[in-house]
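Each chain is listed here by its residues.
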Amino acid sequence: MKQVKFTIKDFAKRFPDDKACLAELFELRFGHKPKCPKCNRRAMFKQRSERRQFICPCGFEIAPTAGTVLHKSPTPLRDWFFVMYMMTTTRNGISAKEVQRQLGVTYKCAWRMCHQIRKAMDSKTLLNGVVEMDDAYIGGRRHGKRGRGAAGKTIVIGAVQRYGSAVAKVVPNLKRANVKPFINLNIKNGAMIYTDEMRGYRFIPKDGYQHDSITHAAKEYVRGKVHTNSIEGFWSHLKRGIKGTHIWVSAKHLQKYTDEFSFRYNQRASTIPMFERLLLHLSKPCAKVVQTR
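Residues numbered from 1 in each chain as written. Predicted model: local features only at pLDDT ≥ 70, side-chain atom pairs only at ≥ 80, totals over all residues. Heavy atoms only, no water.

### Description of the nonpolar core
Nonpolar side chains in soluble globular proteins tend to be buried together.
Next up, step 1: Core analysis: the largest hydrophobic core is formed by 42 residues, its most contacted members being Phe45, Phe81 and Phe275.
Next up, step 2: Contributing elements (two or more residues each) for this core: helix 2 (18–30), helix 3 (77–88), helix 4 (96–103), helix 5 (107–120) and helix 9 (274–282).
Next up, step 3: Ignoring any residue separated from it by four or fewer positions in sequence, one finds Phe45 in contact with Phe26, Pro34, Cys36, Phe54, Ile55, Cys56, Phe60 and Ile62.
Next up, step 4: The next biggest cluster of nonpolar side chains, apart from the first, holds 21 residues, and it includes Leu127, Leu174, Val179 and Ala191. (Core = buried A, V, L, I, M, F, W, Y, C linked by side-chain atoms within 4.5 Å. Buried < 20%, exposed > 50% of the residue type's maximum accessible area, 1.4 Å probe, protein only. Helix = DSSP H or I, 4+ residues; strand = E, 2+ residues; numbered from the N terminus. Contact = heavy atoms within 4.5 Å.)

Right, here's the structure in full:
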């Protein structure tokens, strides 16, 4: 099935103002008629006009933004939603400078909004079945050694389940102390893992996984079902996005960008618009009703 389209016209119709955005958050987090912790009844909460809150007839108040990246933000909710829309309707993301131009806010505000939204894109998933693993070196073009061991670049280790999701993590090096926890946390025990010939992967069978590898140094790229083409495709997507949209990304914030591109990659086959998925992620941080007074 094809993904349902969510156009800019659909966005403008569904979210004309801040009230509509707040109502959407309330519905996602608490439902249509949540049970009030104070009066213990399912009531129709009404939106307060002067604050980002809903109030029960008994006086109990709920703040839909509490515990989320929108908490206490002075920026209009519709601006937040519009940035989320832009970040989920582009293949290679959107830069903070473009958000600054579109919304007319300061660069500092635009940069913070983008990074806060990327936090909501951090979607952990357990990979299973056939999984491909590889590493990438992110950074500007430099003289000297290329590929593994290149100086001045940031290392990202990643895994992709064939026809499934991807997960990636910034690591200081490719020693076993970093590779082993990544595999154990993100790949289900017993899965088949395909890698290249790097010696750091030799421990994999001892941890309860199946393992096979190909030898890139001997110009071997495919041997039957053994290859790492899927993870290479993910790296290509990540690098094109960084180079074409963001130009340069610091090592300090690279994990946030990696999470963003992993989220976008993982939603490629979903029939639900990516914007809807992001809203669901945004509503997850706090499941409890928050009393404000």
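### Comments concerning the environment of Pro273
Next up, step 1: Residue placement: Pro273 occurs in the loop between helix 8 (254–266) and helix 9.
Next up, step 2: Accessibility expressed as a relative area gives 12% for Pro273, which makes it buried.
Next up, step 3: For the pair Pro273 and Thr89, spaced 184 residues apart in the sequence, the C-alpha separation amounts to 8.8 Å.

### Quick word on the environment of Cys39
Next up, step 1: Looking at the element boundaries, Cys39 is found in the loop between helix 2 and strand 1 (46–47).
Next up, step 2: As a C-alpha pair, Cys39 and Gly241 span 202 residues in sequence and 51 Å in three-dimensional space.
Next up, step 3: If near-sequence neighbours (up to four positions away) are discounted, Cys39 is found in contact with Cys56 and Cys58.

### Describing helix 5
Next up, step 1: Taking 1.5 Å of rise per residue, the 14 residues of helix 5 would be expected to cover 20 Å, and the 20 Å separating its terminal C-alpha atoms lies within 8% of that figure.
Next up, step 2: Turning to helix 5, the residues buried within the fold contact helix 3, helix 4, helix 7 (229–246), helix 8 and helix 9. (Expected span 1.5 Å × (residues − 1).)

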